[in-house]
Amino acid sequence: MARPKRLLALALAAPLLLSACSTENSGGGDEGGDSGGATASGDLEFAVVTHGSAGDAFWDVVQNGAEAAGEDLGVGVDYQSDGDPQRQSQLIEAAVNQDVDGIVVSMANPDALEDSIGAAADAGIPVITINSGGDRSAEFGAIGHVGQDETIAGIGAGQRLAADGAQNVLCVVHEPGNIGLEQRCAGASQGLGTDVRLLQVDINDLQSAQSTITSQLQSDPSIDAVLTLNSAVAPVAASAAADAGSDAEIATFDLNGDVIAAIQDGTISFAVDQQQYEQGYLPIVMLKLYAENLNTVGGGQAVLTGPGIVDAENVDEIADLASAGTR
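A brief structural summary. (Residues numbered from 1 in each chain as written. Predicted model: local features only at pLDDT ≥ 70, side-chain atom pairs only at ≥ 80, totals over all residues. Heavy atoms only, no water.)

Some thoughts on the nonpolar core
Across soluble globular proteins, nonpolar side chains show a tendency to be buried alongside one another.
Here is step 1: Among the nonpolar cores identified, the biggest contains 32 residues, and Ile213 and Val226 are the most heavily contacted of them.
Here is step 2: Taken together, the elements giving at least two residues each to this core come down to β7 (169-173), α6 (206-219), α7 (233-244), α8 (257-265) and α10 (315-323).
Here is step 3: Formed by 22 residues, the second largest nonpolar core is a distinct cluster that contains Val62, Ala66, Val77 and Tyr290. (Core = buried A, V, L, I, M, F, W, Y, C linked by side-chain atoms within 4.5 Å. Buried < 20%, exposed > 50% of the residue type's maximum accessible area, 1.4 Å probe, protein only. Helix = DSSP H or I, 4+ residues; strand = E, 2+ residues; numbered from the N terminus.)

See the structure below:
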């Protein structure tokens, strides 16, 4: 079917809520891209371009959601990812050149993607942003955003840590320049009632990350909680606490099998879940509705997929779903 001309909806006049990344990997730099696709018999073809690293459990679930939506709705979905912002921009440009019917983009680094997303909008290709950069989504011409409000999620994490008695919290940032991660730590400070301490590590070198966290815990025994922003970093932080002989509480954003097992055994106290399967699935639904009926969703606000808290009270119910690749 022919793609409709881009609708200048009233929704675009209102600012979108903050969202973001993460990653459960909430993504990170990698050499080269990861790609996959769901084959469908429909006339519509959508591209999904994220900043996730190959093999990143968080983004694997996003991909599962997008491809499941493609199969359920009978549309084509081509998923590709690259943690380097410039290469991600090139993937978006390639999708524009292929004249796809819609594009889904995560915006961990909005400035690097502004031109390529603008090119899509100029070409009349509707764009849905996901995960990160929701506060700039409408500015770039996107018709909607799907994700969690990272500041609100951070506030919730900080409030939970405060309720647990934490006062000196280390917030571990695994990806420089990712605005969503910065928003999470800032929100955690608000919820905690005092500033968290930022610690930069490299998601692509978890052994080094563990050593860095261990050193911080050894040098400052007053640290009573570590908040990681990525499910791959969380078990590393738990190991670092053990290495340092620290009783610091370990909490994290996002889920994977290791985090779920650690919550079950008490090594990690809780995870902030943004239900990333929905971040893959819902944008495909939204693009199909737009292509066929000029519908927009959200009324200018982000479609929120989180946050939710997974802890000892509900982790067993989540475990089977996570093993199936949908949580």
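Comments concerning the side chain of aspartate 273
Here is step 1: With respect to the helices and strands, the residue aspartate 273 is situated in strand β11 (residues 270-273).
Here is step 2: A distance of 3.0 Å separates a polar atom in the side chain of aspartate 273 from the backbone nitrogen of glutamine 275.
Here is step 3: Dropping the residues within four chain positions of it, aspartate 273 is found in contact with Gln148, Leu255, Gly306, Pro307, Gly308, Val310 and Arg327. (Polar contact = N/O pair within 3.5 Å; in protein donor to acceptor, adjacent residues only side chain to side chain. Contact = heavy atoms within 4.5 Å.)

So, the pairing of strand β2 (residues 45-50)
Here is step 1: By the criterion of burial, β2 is predominantly enclosed, with five of the six residues buried.
Here is step 2: Two strands pair when backbone bridges link them, and β2 and strand β3 (residues 76-81) are joined in this way by six bridges, in the parallel orientation. Paired with valine 48 across the strands is tyrosine 79, a residue of β3.
Here is step 3: In this fold, the crossover linking β2 to β3 by way of helix α1 (residues 57-73) has right-handed handedness.
Here is step 4: In this sheet, strand β4 (residues 102-106) lies alongside β2 in parallel orientation, the contact comprising four bridges. When the bridges of β4 are listed, phenylalanine 46 appears paired with glycine 102. (Pairing = 2+ DSSP bridges. Right-handed = clockwise from strand over helix to strand, strands pointing away.)

Quick word on unusual backbone geometry
Here is step 1: Cis geometry is adopted by the peptide bond preceding proline 307, which originates at glycine 306 and carries an omega value of 5°.
Here is step 2: For aspartate 99, which is not glycine, the phi dihedral falls at a positive 55°.
Here is step 3: As for its position among the elements, aspartate 99 is in the loop between α2 (85-97) and β4.
Here is step 4: At aspartate 254, a residue that is not glycine, the phi angle is positive and equals roughly 80°.
Here is step 5: Turning to its location among the elements, aspartate 254 is positioned in the loop between β10 (249-253) and α8.

What about the state of the cysteines?
Here is step 1: Counting across every chain of the model gives one disulfide.
Here is step 2: At a sulfur-sulfur separation of 2.1 Å, the disulfide partner of cysteine 171 is cysteine 185. With the S-S bond torsion at -85°, the cross-link from cysteine 171 to cysteine 185 turns out left-handed. With cysteine 171 in strand β7 and cysteine 185 in helix α5 (residues 179-192), this pair connects stretches of sequence that are 14 residues apart. Assigned by exposure class, cysteine 171 and cysteine 185 land together as buried. (Disulfide = S-S within 2.5 Å.)

Focus: the packing of α1 against helix α9 (residues 276-293)
Angle between the axes and distance between the axes are the two parameters that describe a pair of packed helices.
Here is step 1: The geometry of α1 relative to α9 is characterised by a closest axis approach of 6 Å and an angle of 35° between their N-to-C directions. Once α1 is placed against α9, the crossing between them reads as right-handed. In this structure, α1 uses Phe58, Val61, Val62, Asn64, Gly65, Ala66, Ala68, Ala69, Gly70, Asp72 and Leu73 to contact α9, whose residues at the interface are Gln276, Tyr277, Gln279, Gly280, Tyr281, Ile284, Val285 and Lys288.
Here is step 2: Residues belonging to the contact of α1 with α9 are distributed by class as follows: 11 nonpolar, six polar and two charged. (Axes fitted to C-alpha atoms, helices over the stretch in contact; angles between N-to-C directions. Left-handed = near helix turned anticlockwise from the far one by under 90°. Nonpolar A, V, L, I, M, F, W, Y, C, P; charged D, E, K, R; others polar.)

What to know about the packing of aromatic side chains
Here is step 1: Across all of its chains, the model carries two aromatic pairs by this definition.
Here is step 2: Ring centres 5.0 Å apart and planes at 70° place the aromatic pair phenylalanine 58 and tryptophan 59 in the edge-to-face group. By the burial criterion, phenylalanine 58 is buried, and tryptophan 59 matches it.
Here is step 3: Look at tyrosine 277 and tyrosine 281: their rings are 6.1 Å apart centre to centre, the planes differ by 25°, and that puts the pair in the stacked class. Taken together, the residues span about one helical turn, with tyrosine 277 and tyrosine 281 both in helix α9 at a distance of four residues. (Phe/Tyr/Trp six-rings, centres within 6.5 Å; stacked < 30°, edge-to-face > 60°.)

These results come straight from atomic positions and should not be treated as a statement about function.
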